[in-house]
Amino acid sequence: MSTPTVREQFLVISALGANPMELTNVLCRASHENRCAVVTSRLTRHGECSALVLQISGSWDALARLESGLPLLAKKHAFTVNVVRSAALENRPQALPYVAYVSAAYRSDIVNELCQFFIDHQVELENLTCDTYLAPQTGGTMLNATFTVTLPAGTQISWLRDQFLDFADAMNLDALIEPWRPQNPM
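Residues numbered from 1 in each chain as written. Predicted model: local features only at pLDDT ≥ 70, side-chain atom pairs only at ≥ 80, totals over all residues. Heavy atoms only, no water.

## Considerations on the overall build of the protein
Short version of the rule: Only DSSP runs of H or I reaching four residues or more are called helices, and only runs of E reaching two or more are called strands; each is numbered from the N terminus. Summary of the burial criterion: residues with accessible area below 20% of their type's maximum are buried, those above 50% are exposed, and those between are partly exposed, where the area comes from a 1.4 Å probe applied to protein chains only. The Shrake-Rupley method, run with a 1.4 Å probe sphere, supplies the accessible areas, and residue values consider only the shown protein chains as cover. Residues scored as charged are limited to Lys and Arg (positive) and Asp and Glu (negative), so that His and the chain ends carry no count. Every charge is mapped to an atom, namely NZ of Lys, CZ of Arg, CG of Asp or CD of Glu.
Each helix and strand counted, the protein has 4 helices and 8 strands in total. Mapped in sequence order, the helices and strands of the protein form the string β-α-β-β-α-β-β-α-β-β-α-β. Principal-axis analysis of the C-alpha atoms gives the protein an extent of 50 × 45 × 35 Å. Going through the 186 residues of the protein one by one, you find that 30% of them count as buried. Carbon and sulfur atoms make up 54% of the accessible area of the protein, which totals about 12,100 Å². Within the protein, one finds 13 positive and 18 negative side-chain charges whose respective centroids are separated by 14 Å.

## A closer look at the confidence of the model for the protein
Detailed reading of the predicted coordinates is not advisable wherever pLDDT is low. This is how the line gets drawn: The predictor rates its confidence in each residue with pLDDT, a number between 0 and 100.
Here the protein averages 92 in pLDDT, and 95% of its residues register 70 or above. Within the protein, the lowest mean pLDDT, 94, falls on strand E6 (residues 124–134), and the highest, 97, falls on helix H1 (residues 20–33).

## A short note on the pattern of salt bridges
Heads up, the condition is: What makes a salt bridge here is a side-chain nitrogen of Lys or Arg within 4 Å of a carboxyl oxygen of Asp or Glu, nothing more.
According to the stated counting rule, one finds 4 salt bridges in the structure shown. Measuring nitrogen to oxygen at the nearest pair gives 3.2 Å for the salt bridge that ties Arg 85 to Glu 67. Residue Arg 85 is located in strand E4 (residues 79–86), and its partner Glu 67 is located in helix H2 (residues 60–77); the two are separated by 18 residues in the primary sequence. Look at Arg 85 and you get partly exposed, because its relative accessible area is 38%. When its relative accessible area of 28% is taken as the criterion, Glu 67 is described as partly exposed.

## What about the sheet that holds strand E1 (residues 9–17)?
Defined as follows: Should DSSP find at least two bridges between two strands, the strands are regarded as paired. Where helices are involved, their axes are fitted lines through C-alpha atoms of the stretch in contact, as for all axes, and angles between N-to-C directions lie from 0 to 180°. The contact criterion used throughout is that any non-hydrogen atoms of two residues lie within 4.5 Å.
Taken in spatial order, the 4 strands line up as E2-E3-E1-E4 in an open sheet, and their pairing is antiparallel. What marks the edges here is a single partner per strand, and that holds for strand E2 (37–46) and E4. When the angles between neighbouring strand axes are averaged without regard to direction, this sheet yields 15°. With respect to the sheet, H1 is in contact with E1, E2, strand E3 (49–58) and E4, its orientation differing from that of E3 by roughly 15°. Strands in contact with H2 are E1, E3 and E4; relative to E4, the strand with the most contacts, it is inclined by about 165°.

## Remarks on the side chain of His 121
Relative to the assigned elements, His 121 resides in the loop between helix H3 (110–120) and E6. Among the residues examined, His 121 registers a relative accessible area of 18% and is labelled buried. Excluding residues that lie within four positions of it along the chain, His 121 makes contacts with Pro 152, Trp 159, Leu 160 and Gln 163.

This is the structure in structure tokens:
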């Protein structure tokens, strides 16, 4: 799909259901049938539940038709749905994308402490992935977290990196922050 035009508008749809394939199929089909386009999508499984988030673009009337039909689809296919009107993310050409990787023995306060660190340094969160697992050697619960963040223009990177590593040491976290790189460079 080409770059969205100024006239296009956006919906963000979040849905929870038991069957990830059916959930994705139903919502993508409904989008297509209402002359809308899926701009971004994320699906994750959480136990027996799957969470799907879609950003949909289209004209105002196409989005209105899609939005009005979603409650019936949700009821018919046994999933919950939430819809929010959205705008395109503004360009931030001077901002710098970075990734912070954290691994540690699990504690319930780690993620909120990391979020507070980034808030205190005016760093924007773009994506967060967090998983826990049992360490095969010890049986202890471990946490792996990946924060994709955007550093504001003018951030002194070496200073922020030092602050982050000092913070991680104080929290007893194994952590690294580095520039974001595309997964499939051309």
